[in-house]
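Here is how the chains run, residue by residue.
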Amino acid sequence: MQEEHSIEKSIIGACHDVNEMRAGKMREKPIDEFLTELKSMIEEEKSHASYGDAAFRGGRQVLR
């Protein structure tokens, strides 16, 4: 349940950021900065993935 809550917070935060950018209160991020953030988020998700999430990591799931 904690994970869903953080996803919800991320979406709300992103919407807030877009509104701030549209209003001129926040600068738009350059694409390379955005991609760097995105890559780090993906790596963080991979590190938190459980063994059952093998498909997410690109691996195969082994039945025992």
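Quick caveat: nothing in here was measured; it's all calculated off a predicted structure.

Quick notes on the rules
Residues numbered from 1 in each chain as written. Predicted model: local features only at pLDDT ≥ 70, side-chain atom pairs only at ≥ 80, totals over all residues. Heavy atoms only, no water. Helix = DSSP H or I, 4+ residues; strand = E, 2+ residues; numbered from the N terminus. pLDDT = per-residue confidence, 0-100. Patch = residues over 30% accessible without salt bridge, like charges linked within 9 Å, V, L, I, M, F, W, Y side chains within 5 Å. Areas by Shrake-Rupley, 256 points an atom, 1.4 Å probe, with all protein chains shown as cover. Salt bridge = Lys/Arg side-chain N within 4 Å of Asp/Glu carboxyl O. Buried < 20%, exposed > 50% of the residue type's maximum accessible area, 1.4 Å probe, protein only.

Some words on the overall build of the protein chain
- Scanning the protein chain from terminus to terminus reveals 3 helices and 0 strands.
- When the helices and strands of the protein chain are read in sequence order from the N terminus, they spell out α-α-α.

Some thoughts on the confidence of the model for the protein chain
- Summary statistics for the protein chain give a mean pLDDT of 76 and a share of 67% for residues scoring 70 or more.
- No element of the protein chain has a lower mean pLDDT than helix H3 (residues 54-57), which averages 57, and none a higher one than helix H2 (residues 31-48), which averages 84.

A word on a nonpolar patch on the surface
- Taken together, the side chains of Ile-31, Phe-34, Leu-35, Leu-38 and Ile-42 present a nonpolar region at the surface, about 440 Å² in accessible area.
- Here Ile-42 falls in the partly exposed class, since its relative accessible area comes to 38%.

Overview of the pattern of salt bridges
- Under the counting rule described, the total for this entry stands at 2 salt bridges.
- Here Arg-27 ties to Glu-33 by a salt bridge, and the two come within 3.1 Å at their closest N and O atoms.
- You can call Glu-33 partly exposed: its relative accessible area is 28%.
- As a salt-bridge pair, Lys-46 and Glu-43 come within 3.9 Å of each other at their nearest N and O atoms. Within this pair, Lys-46 and its partner Glu-43 are both found in helix H2, separated by 3 residues, close to a single helical turn.
- The partly exposed category is assigned to Lys-46, whose relative accessible area is 33%.

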